[in-house]
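Coordinates in review
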Amino acid sequence: MGHPRPLVRVATTLVFCAALTMPGPGPLSSPPAAASSASTGAQEDRPWTDRSLSPEERAGLLLEAMTLDEKIGMLHGTIGAPVPTTGYIAPIRRLGVPGVTMTDGPAGVRNGQKATEMPAPVAQAASFDTDTARQYGRAVGREARARGQSQVFGPGTNIQRVPVGGRNFEYYSEDPYLAGTMAGADTTGIQSEGVIATVKHFAANNQETDRMTVSADIDERTLHEIYGTPFDLAVRQGRPGSVMCSYNRVNTVYACSNARTLRTMLRSRFGFDGYVVSDYPSTHATSDLAAGLNVELPLSFWVNPLSVRAALHSGDLTRQDIDQRVREVLTVLFRFGLFERNGTATSPLDEAAGNAAAQHSAEQGAVLLKNDDDALPLTGSADDIAVIGSAASGSAQGGGSSKVDALSKDTALDAVKRRAGGSAHVTYHDGSFAGAAADAAKSADVALVFAHDKEEEGSDRSSLSLPDGQDELISKVAAANPETIVVLQTGAPVLMPWLPKVKSVLETWYPGARGGAATSRLLWGDVNPSGKLPQTFPAREDEVPASTEAQYPGVNGTAHYSEGVDVGYRWYDKTHTKPLFPFGHGLSYSTFRYSDLRLEHGSGGPDDSVGLSFTVTNTGKRAGSEAAQVYVAKPDTGADSPPRELGGYRKVHLAAGESKHVRVSVDPRQLSYWDTGAHEFRVRQGEYGIAVGSSSRELPLSASYLVRAD
């Protein structure tokens, strides 16, 4: 009796090479196979089918009936799904255990079939609105279920540590609180459709350069406050069924082999009760199961009957390890009702609903960065419009496992033509020759220049500049036409050497299936921009928190996170560095006034929330929405803290001239710091600053709050 180990090695080599050419999970081959039948009720020989029992009780009963090989089969992926998938756990038909189909999904379903191309996930965070994130998640979950998928690989929850990060477009923010609350809301939306969400990539997967081997060297406080907090919040607020561990190492130990992150942090401290799947392929030993990994994907490189038996014999694994990992998987499958339905059943996609969700997210997340002389919104006087740039006739999208095969899409050029009306004269130049584009724009009433960057899984950007000569294009068009408006389709910050020369800049991120319609509605004021920057836009290439080679991309295989907790706007505030645009910045076609800040209590204990209220007034002539932000300044005792940290936010819609009383509660966690001596979050005694306003640098209201001893 033996297992053909050489075949395992060959398979590993083949899949690893595929991962290099097509980053991250991708569609697996799917030969026809019969779907497992759903259990319809309690059966005498299958007591785990009793729906009156809890998922945990049912999992325990089923576990007792499983052979070792059947248990091992639940702990690795395979091929042979009855529908197109990017990952698959085979069913156990003897026991009625369903197969688990998995699809990529941070920006829409990606399983080899067409689906709605959602805006880049960063647009969710830019909305500063958890309702928008939940709607986004529901749309993805709905389409995943219609495609016969049990599990979605998303949301992406990593911190945008370096502005050139290749996957920043599919992550939320440089701020852990904003990232975590958005991930929790997106997770809730996905799982409301009966589909398992997979929060990823845990942990400290913050660069694509050397992502499969680099070690993130992070001190304990920074690991918990910055890089652990988004996952902690997502777990507590969304209760995801799954988490994906990452390729990289955390303090020299590979993330999928790391008991400190997977067991101590994720399960014990965050309270995660789902199962952990690996990135593709990010496993390094059969003993990863003991460290906290549940499912090796995409295939069985280290987790197979031969290797598991060898690990049991050597003591690297115990039977209890195997049983616990299987129990955790089965409990989630029972919790999501997969035993009671055919999870691979398919149905037609609701294209209209998907497009509506995509357009709503694009409109809510767009950020008006600059608007001199009220150049926007466009009016009826703009009869001669020059549209410049190839991005206007396409739709920028991030590359890799978030790149969706779009069911349908529109373009900004077509949408502008429709919105401008038949009497308007709209010309187009793709911008391939800057001089010719400038000539085309010279006589127009307004020039709309569409620009894009290129971001993808597997590589970071080489710089913060726009690629392919687009900076020169914008500069020449602006010199030819003083009424130049720039529409950005980027997933992250870019430098803007042309900024003083243009009237307006509208950041639309990667706007998705209805990006054209959303953009035209924003340009003409049918929708009032209300997005805010979830990440700081630097003024210079070298004015970033991780500016040395040792910090990024690292030396000798290690990236030193020596900036500590001073990530993003925290670093800009602490070093008094002026960014191009600060975190939380975003203009409107309206103006808003903040007043009447009141604390419900002037003091409290370390376990008390800070309740506060204030008034926001729309002082403009248009209805609009404002994302009010609350920041906390902690006392500098016990640990050095940033000047301010986001503690809460609330988006409020106001008619012209309307005032609303807004209440926000700051959780004690947002007042805390990680105490490395006690190995826990603690709230210090002392005076805390509470500030409220429209961005991290525009905070007109302030108050003091005292934390007393218990």
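About the cut-offs
Residues numbered from 1 in each chain as written. Predicted model: local features only at pLDDT ≥ 70, side-chain atom pairs only at ≥ 80, totals over all residues. Heavy atoms only, no water. Helix = DSSP H or I, 4+ residues; strand = E, 2+ residues; numbered from the N terminus. Buried < 20%, exposed > 50% of the residue type's maximum accessible area, 1.4 Å probe, protein only. Contact = heavy atoms within 4.5 Å. Phe/Tyr/Trp six-rings, centres within 6.5 Å; stacked < 30°, edge-to-face > 60°. Pairing = 2+ DSSP bridges. Axes fitted to C-alpha atoms, helices over the stretch in contact; angles between N-to-C directions. Parallel < 35°, antiparallel > 145°, perpendicular 65-115°, else oblique. Left-handed = near helix turned anticlockwise from the far one by under 90°. Nonpolar A, V, L, I, M, F, W, Y, C, P; charged D, E, K, R; others polar. Polar contact = N/O pair within 3.5 Å; in protein donor to acceptor, adjacent residues only side chain to side chain. Salt bridge = Lys/Arg side-chain N within 4 Å of Asp/Glu carboxyl O.

For the rest of this paragraph, the subject is the overall build of the protein. The number of helices and strands found in the protein is 17 helices and 26 strands. If one aligns the C-alpha atoms of the protein with their principal axes, the spans along those axes are about 80 × 60 × 50 Å. In the protein, buried positions account for 63% of the 710 residues. Across the protein, every contact between residues at least 6 apart in sequence was considered, and the portion connecting residues at least 24 apart equals 77%.

Another point: the packing of aromatic side chains. All told, the structure shown has 16 aromatic pairs when counted by the stated rule. Centre to centre, the rings of Phe128 and Tyr649 are 5.5 Å apart; their planes meet at 75 degrees, and the pair counts as edge-to-face. Of this pair, Phe128 sits in the loop between helix H4 (122-126) and helix H5 (130-146) while Tyr649 sits in strand S21 (residues 645-654), and the two are 521 residues apart along the sequence. With a relative accessible area of 10%, Tyr649 lands in the buried category.

Ordered by their spatial adjacency, six strands build an open sheet running S1-S2-S3-S4-S6-S9, and the pairing between neighbours is mixed. At either margin of the open sheet sits one strand with a lone partner, and together these are strand S1 (87-89) and strand S9 (275-278). Strand-to-strand twist in this sheet, taken as the mean axis angle between neighbours without regard to direction, amounts to 25 degrees. With three bridges joining them, S1 and strand S2 (residues 100-104) adopt antiparallel strand pairing. Bridging across to S2, Tyr88 finds its partner in Thr101.

For the rest of this paragraph, the subject is the packing of helix H7 (residues 220-238) against helix H8 (residues 259-269). Closest axis-to-axis distance for the H7/H8 pair is 10 Å, and the angle between their directions is 55 degrees. Classed by the angle they form, the pair H7 and H8 counts as oblique. Considering only the axes of H7 and H8, their crossing is right-handed. Residues Glu220, Leu223, His224, Gly228, Val235 and Arg236 of H7 form the contact with H8, whose participating residues are Arg260, Met265, Leu266 and Arg269. Of the residues belonging to the contact of H7 with H8, the class tally is four nonpolar, two polar and four charged.

So, about the side chain of Glu457. In this fold, Glu457 is placed in the loop between strand S13 (446-452) and helix H15 (470-480). When its relative accessible area of 2% is taken as the criterion, Glu457 is described as buried. A polar side-chain atom of Glu457 sits 3.4 Å from a polar atom in the side chain of Arg167. A polar contact of 2.9 Å, which involves the side chain of Glu457, links it to the side chain of Arg211.

Applying the stated criterion across every chain, the model contains 42 salt bridges. Of the charged contacts, one joins Lys114 and Asp405 as a salt bridge, the two residues approaching to 3.2 Å between their closest N and O atoms. With a gap of 291 residues between them, Lys114 in the loop between S2 and H4 and Asp405 in the loop between strand S11 (384-388) and helix H13 (412-420) connect regions that are remote in the sequence. In this structure, Glu208 engages Arg211 in a salt bridge whose closest nitrogen and oxygen atoms are separated by 3.4 Å. One exposure class covers both Glu208 and Arg211, and it is buried. The network of salt bridges with common partners includes Arg167, Glu170, Glu208, Arg211 and Glu457.

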